[in-house]
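Structural overview for review
Residues per chain, in single letters:
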Amino acid sequence: MKTKTKSAAALPLNTILAGDCIEAMNALPEASIDLIFADPPYNLQLKGELHRPDNSRVDAVDDAWDQFASFKAYDDFTRAWLKAARRLLKPNGAIWVIGSYHNIFRVGAALQDQGFWILNDVVWRKSNPMPNFRGKRFTNAHETMIWAGKDETSKYTFNYEALKALNEGIQMRSDWVLPICTGHERLKDEAGDKAHPTQKPESLLHRILVGSTNPGDVILDPFFGTGTTGAVAKMLGRDFIGIEREAAYRTVAEKRIAAVRKFDREALAVSTSKRAEPRVPFGQLVERGMLRPGEELYSMNKRYKAKVRADGTLIGGEVKGSIHQVGAAFEKAPSCNGWTYWCFKRDGKHVPIDLLRQQIRSEMGN
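The protein is annotated in an unreviewed UniProt entry as Methyltransferase from Sulfitobacter sabulilitoris. Under the Sequence similarities (unreviewed entry) heading, UniProt states for the protein: "Belongs to the N(4)/N(6)-methyltransferase family." Check the Catalytic activity (unreviewed entry) section of the UniProt entry for the protein; it says "a 2'-deoxyadenosine in DNA + S-adenosyl-L-methionine = an N(6)-methyl-2'-deoxyadenosine in DNA + S-adenosyl-L-homocysteine + H(+)".

Brief notes about the pattern of salt bridges
By the definition in use, this model includes 13 salt bridges. Residue Asp75 pairs with Arg106 through a salt bridge whose shortest N-O separation is 2.7 Å. Of this pair, Asp75 sits in helix α3 (residues 71-88) while Arg106 is found in helix α4 (residues 104-114), placing the two residues 31 residues apart along the sequence. In this structure Asp75 comes out as buried when scored by relative accessible area, which is 17%. Its relative accessible area of 32% is what places Arg106 among the partly exposed residues. A salt bridge links Lys126 to Glu143, with the nearest nitrogen and oxygen atoms 2.8 Å apart. Of this pair, Lys126 sits in strand β4 (residues 117-126) while Glu143 sits in strand β5 (residues 142-149), placing them 17 residues apart in sequence. Pair check on accessibility: Lys126 and Glu143 agree, each one buried. A cluster of three or more residues bridged by salt bridges with shared partners is formed by Lys72, Asp76 and Arg79.

Focus: the sheet that holds strand β3 (residues 89-99)
Strands sit in the order β1-β8-β7-β2-β3-β5-β4-β6 across an open sheet of eight strands; the sheet is mixed. The two strands at the open ends of the sheet, each matched to only one other strand, are β1 (15-18) and β6 (175-178). Shown here is a sheet whose adjacent strand axes are inclined to one another by a mean of 20°, direction ignored. Inspection of the sheet shows strand β2 (residues 33-38) paired to β3 by five bridges, in the parallel sense. Across the sheet, residue Ile33 finds its bridge partner in β3, namely Leu89. Here α3 sits on the sheet in contact with β2, β3 and β7 (218-221), set at roughly 145° to β3. Running over the sheet, α4 touches β3, β4 and β5 and is turned about 165° from β3.

Re the environment of Pro41
You can see Pro41 is positioned in the loop between β2 and α3. Judged by relative accessible area, Pro41 falls into the buried class, the value being 7%. Placed 26 residues apart in sequence, Pro41 and Gln67 show a C-alpha to C-alpha distance of 8.0 Å.

Let's talk about helix α11 (residues 323-331)
For α11, the complete set of buried residues consists of Ile323, Val326, Gly327, Ala328 and Phe330. Taken together, the buried residues of α11 touch α10 (282-287), β10 (305-308), β11 (314-316), β12 (319-321), α12 (338-341) and β13 (342-346). With its phi angle positive at about 55°, Lys332 sits one or two positions after the end of α11.

Thoughts on the packing of helix α6 (residues 202-212) against helix α7 (residues 228-235)
Where α6 meets α7, the axes come as close as 9 Å, and the angle between the chain directions of the two elements is 55°. One way to sum up the angle between α6 and α7 is to call them oblique. As α6 runs across α7, the sense of the crossing is right-handed. Contacts from Glu202, Leu205, His206 and Leu209 of α6 reach α7 at Thr228, Thr229, Ala231, Val232, Ala233 and Met235.

A look at α6
Residues three or four positions apart in an α-helix share a direction because the helix packs 3.6 residues into each turn. Judged by how many residues are buried, α6 sits mostly within the fold: eight of eleven residues are covered. Of the residues making up α6, those classed as buried are Leu204, Leu205, Arg207, Ile208, Leu209, Val210, Gly211 and Ser212.

Remarks on the nonpolar core
The nonpolar side chains of soluble globular proteins are, as a tendency, buried together. One finds Trp96, Met145, Trp176, Leu204, Ile208 and Leu209 to be the most contacted residues of the largest nonpolar core, which totals 34 residues. With five residues, α6 is the single largest residue contributor to this core. Not counting chain neighbours up to four residues away, the residues in contact with Trp96 comprise Leu35, Ile36, Phe37, Ala38, Val122, Met145, Ile146, Trp147, Trp176, Ile208 and Ser212.

Conventions we followed
Residues numbered from 1 in each chain as written. Predicted model: local features only at pLDDT ≥ 70, side-chain atom pairs only at ≥ 80, totals over all residues. Heavy atoms only, no water. UniProt positions renumbered as here; feature names shortened; annotations may be inferred. Salt bridge = Lys/Arg side-chain N within 4 Å of Asp/Glu carboxyl O. Helix = DSSP H or I, 4+ residues; strand = E, 2+ residues; numbered from the N terminus. Buried < 20%, exposed > 50% of the residue type's maximum accessible area, 1.4 Å probe, protein only. Pairing = 2+ DSSP bridges. Axes fitted to C-alpha atoms, helices over the stretch in contact; angles between N-to-C directions. Contact = heavy atoms within 4.5 Å. Parallel < 35°, antiparallel > 145°, perpendicular 65-115°, else oblique. Left-handed = near helix turned anticlockwise from the far one by under 90°. Core = buried A, V, L, I, M, F, W, Y, C linked by side-chain atoms within 4.5 Å.

Here it is as structure tokens:
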């Protein structure tokens, strides 16, 4: 079970902080955040209004928060918030940043300059993108996300098996086909207009948080908007901190998150790899009396047998050693997984010793 550090205990968990993201981040404890998801301004550089073929106006992103005087001003802003973000990450923390062609390449260079270690770029391919109304470019049907560790040595979280399970048993690729927000998921303001022009779908954050965090982790979103990160984090049993300077967005996000129900503990569990499971020494089976010194083990192919010794090793003829070493010696193989190689007899039946290991692991998880 995860133990909260002293710095983490002082964090304003599951709250939305008002104000400038850089100032707010600099006020938080150092090395206190497990994962950052950032959806910064894209600096779209829109020139004039955009209209559909029927001359209706497109509700494009023209808010003041997305406008910068120059590329230099945007780069300065990017470097400043990334510096604050990196200070907050734990040594094994990681960051996701999403953007479009307008900004993601500049952000990527800044990430590397700050010392982050890029793990993947992931393409979110929109299954229902907005058409290109002017017909002068390709339809802009994707956004790019950069996933990076705090540095090259970070032991970041990657729930490979969980993502594989999400993808019907197939290894998850770096191109994700997911729809943009429409219908019931698209939040509206009191006038019936979009509450936020670039609201991200919950499916996107679900995949990110299931794949790169664990229950109890602390997720920071410095550009919180209407709270997609917070809503999904709450559902998945993660803690969040949001930072948002626009009061209207904070109001929508607070109402949204208050209505979210956290999934129960059993539902939050995800598939893990065998390597991620707690290590159980074979000797522990002997210590606990699940197997007794002098009891015989049999190879699954029934060709060999060996006797259990008090120190958790086996002896079979002239061969002595661990369950793995003795199995490998009998099979004249370079290695052997003793847990799947050996079985014992109970009531005349051969039972794999791995069942005893799984019994201990289940107890460790309680």
